[in-house]
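Secondary and tertiary structure notes
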Amino acid sequence: MSKQIKLFVGLGNPGHKYKNTRHNLGFMVLDSIALAKGLEFKNWDNVADISFYEGSSIGRVWLLKPTTFMNLSGDAVSSFAKYYKISTEEIVICYDDFSIPLGGYKIRMSGSAGGHNGIKSIIERLHTDKFPRIKFGIGPLPKFMDMSDFVLSKFAKEDENKINLVKKISVEIFDEINASNIDKAASKLADKNRTLE
């Protein structure tokens, strides 16, 4: 039986330059949750912006956005988890994936970085790839476009409706995980025509 999630992490790059870029979808997901719950982020130890949500049945659930750049995301996650004694099974990472169409997502309980530098950094710093993650689609990757250029490009105007859908879905996922646990939530959400691995 999986543990209750205590830490939701959204990945992205800090600064105005990267706002609304595809690689920052993890930040956008956490911002959507915070907005829905009336939460505000504050800086923690110069490595992350954090907030928390409390419920009578779940206790305190943290939200964290690393303020390091993407390839150093693991520094913030590992430092925070160590300080608050949060185990790897109690952390879920939200991030972008260009192999999934925009508007979709996949939930996985473990796995490799799959070429994502933020996940690679987290695996290196946590010394394991056994932590839940939710991959939010930003695809498809256009033909003849470099992957790094694509993920750092901004969302197009015509993507707005799908982005709004992702924001809505992210709050539903947050609520579902808190209502049960990551395993049960993943199964239930997979039944809603999403994708579960």
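Above this note sits the structure.
Residues numbered from 1 in each chain as written. Predicted model: local features only at pLDDT ≥ 70, side-chain atom pairs only at ≥ 80, totals over all residues. Heavy atoms only, no water.

**Things to note about the pairing of strand β3 (residues 48-55)**
The pairing of strand β2 (residues 42-44) with β3 spans 3 bridges and is classified as antiparallel. Along β3, the bridge assignment pairs Trp-44 with Ala-48. Linking β2 to β3, which pair antiparallel, is a turn of 3 residues; within it Asp-45 sits at a positive phi near 55°. Here β3 runs beside strand β4 (residues 59-66); their pairing, made up of 8 bridges, is antiparallel. Note that in β4 the partner of Ala-48 across the bridge is Pro-66. Between the antiparallel neighbours β3 and β4 lie 3 residues. (Pairing = 2+ DSSP bridges. Helix = DSSP H or I, 4+ residues; strand = E, 2+ residues; numbered from the N terminus.)

**Examining helix α3 (residues 117-126)**
Within the sequence span of α3, burial applies to Gly-118, Ile-119, Ser-121, Ile-122, Ile-123 and Leu-126. Summarising the contacts, the buried residues of α3 are in contact with α2 (73-83), β5 (91-101) and β7 (133-139). Downstream of α3 by one or two residues, His-127 has phi in the positive range, about 60°. (Buried < 20%, exposed > 50% of the residue type's maximum accessible area, 1.4 Å probe, protein only. Contact = heavy atoms within 4.5 Å.)

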